[in-house]
Amino acid sequence: MSVRQWQERFRAGDFNSRDLSVQCEAGWFDWFCRNDALAGRLEKLSKIVLGIKAPFILDNYYVWFKNNCPMAGPLYDDVRFEPLSGEREGKYFVVILDCPHELAKWALYTERYGYDAPEFFSGNVRNMVQYINGMAAELEQGIQPAFLLEKRVVSKYVLRHEGEHGIPVYRDGEHEFSYISRKDRQLRKVMVTDSMEALPPGYGAEQAERHGELYVFGAEPPIPEKTPVRPKTVQRGGRER
């Protein structure tokens, strides 16, 4: 059922029962908690689903729910927004609630940003649904926000300085990102700009590290981009014909 239909049925009380078949109809797909705990967990996650106002998500997505069991820490839940068409095409996203390993109560993971770190997180459900509703127009029109390119550039910066792939890059705000260094487990803050004429506050031009058309500023000294070495021309002996 679409998100709009789910909202109507939830408000009508169709998913109030603790009966397992009812909770599966509501969208539970996988869980590690007791069966009779699903209704209460659904009630908490419903705050996100009921907050959706954007018509594109209401009519083009369905939701399903998962109760997760991490290697360390308590169980936590998420709600997944899947396109009804069956084709994700960068439009799939997940909202996680109360995961002990996240930086805030609510964390949004999107296919477009990647699953190494959340695209957005907040301690307030109102801020989370506001962000998702604002994101809907971008998903509908296939718009790629500037921060997606910035994140890719920061990932290259991290690889250059850490020498390792797969280090999560967190988005902290407008042009602001961070990552945890594998060298000392300390948080590293970085900023991105598209012009040397608009230096981030607190940074000097000497701290800029260029990546394509963008500049990354961090606490560590810049590492220049390696210039490709051209192979030497081999001179053959003898006369030309």
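Before reading further, recall that the structure is shown in the block above.
Residues numbered from 1 in each chain as written. Predicted model: local features only at pLDDT ≥ 70, side-chain atom pairs only at ≥ 80, totals over all residues. Heavy atoms only, no water.

Caption draft 1: A look at the overall build of the protein. Scanning the protein from terminus to terminus reveals six helices and 11 strands. The C-alpha atoms of the protein give a radius of gyration of 23 Å, which is well past the 18 Å a tight globule of 241 residues would have. Seen through its principal axes, the protein has C-alpha atoms that stretch 90 × 50 × 35 Å. By the burial criterion, 44% of the 241 residues in the protein qualify as buried. (Helix = DSSP H or I, 4+ residues; strand = E, 2+ residues; numbered from the N terminus. Rg over C-alpha atoms; globule rule 2.2 N^0.38 Å. Buried < 20%, exposed > 50% of the residue type's maximum accessible area, 1.4 Å probe, protein only.)

Caption draft 2: Inspection of the sheet that holds strand β4 (residues 93-97) at higher detail. The strand order β1-β2-β3-β4-β5-β6 describes an open sheet built from six strands, whose pairing is mixed. What marks the edges here is a single partner per strand, and that holds for β1 (28-30) and β6 (120-122). Averaged over neighbouring strand pairs, the angle between their axes works out to 25° when direction is ignored. Together, β2 (61-68), β4, β5 (106-110) and β6 form the strand contacts of helix α5 (residues 125-141), whose direction differs from that of β5 by roughly 15°. (Pairing = 2+ DSSP bridges. Axes fitted to C-alpha atoms, helices over the stretch in contact; angles between N-to-C directions. Contact = heavy atoms within 4.5 Å.)

Caption draft 3: Quick peek at the pattern of salt bridges. Going through the model one piece at a time under the given rule, you end up with 18 salt bridges. R4 is the partner of D59 in a salt bridge, and the nearest nitrogen-oxygen pair spans 2.7 Å. With D59 in helix α4 (residues 55-60) and R4 in helix α1 (residues 3-11), this residue pair connects regions lying 55 residues apart in the sequence. Between R41 and D77 there is a salt bridge, and its shortest N-O distance comes to 2.8 Å. (Salt bridge = Lys/Arg side-chain N within 4 Å of Asp/Glu carboxyl O.)

Caption draft 4: Local environment of the layout of surface pockets. Taken as a whole, the largest pocket encloses approximately 190 Å³ of empty space. N68, Y76, D78, R80, V94, I96, C99, H101, E102, Y109 and Y115 are the residues that line the largest pocket. Of all the secondary structure elements, the ones that give two or more residues to the lining of the largest pocket are β3 (76-83) and β4. Ranked by the residues each element gives to the lining of the largest pocket, the list is headed by β3, at three residues. Residue composition of the lining of the largest pocket, by class: six nonpolar, two polar and three charged. What lines the second largest pocket is D116, S155, K156, V158, L159, E164, H165, G166 and I167. When its residues are assigned to classes, the lining of the second largest pocket shows three nonpolar, three polar and three charged. (1 Å grid on protein atoms, 1.4 Å probe; cavity = no way out; pocket = protein on both sides within 12 Å on 5 of 7 lines; lining within 4 Å. Points joined across faces, edges and corners; volume = space filled by probe spheres on them. Nonpolar A, V, L, I, M, F, W, Y, C, P; charged D, E, K, R; others polar.)

Caption draft 5: Region of the structure containing the nonpolar core. One finds W6, I57, F81 and I132 to be the most contacted residues of the largest nonpolar core, which totals 53 residues. Here this core takes seven residues from α5, the largest share from any one element. Excluding anything up to four places from it in sequence, I57 contacts V3, I52, F81, F93, I132 and A136. (Core = buried A, V, L, I, M, F, W, Y, C linked by side-chain atoms within 4.5 Å.)

Caption draft 6: Layout of the pairing of strand β10 (residues 208-211). Where β10 lies against strand β11 (residues 214-217), four bridges are found, and the strand directions are antiparallel. Residue R210 lies in a different strand from β11, and its bridge partner there is Y215. The loop that links β10 with its antiparallel partner β11 comprises two residues; one of these, G212, has a positive phi angle of about 65°.

Caption draft 7: The arrangement of the side chain of T110 in detail. Position of T110 among the secondary structure elements: in strand β5. Judged by its relative accessible area of 2%, T110 is buried. A distance of 2.6 Å separates polar atoms of two side chains, one belonging to T110 and the other to E119. Excluding residues that lie within four positions of it along the chain, T110 makes contacts with Y92, F93, Y115, E119 and M135. (Polar contact = N/O pair within 3.5 Å; in protein donor to acceptor, adjacent residues only side chain to side chain.)

Any functional reading would require information that these geometric values do not contain.
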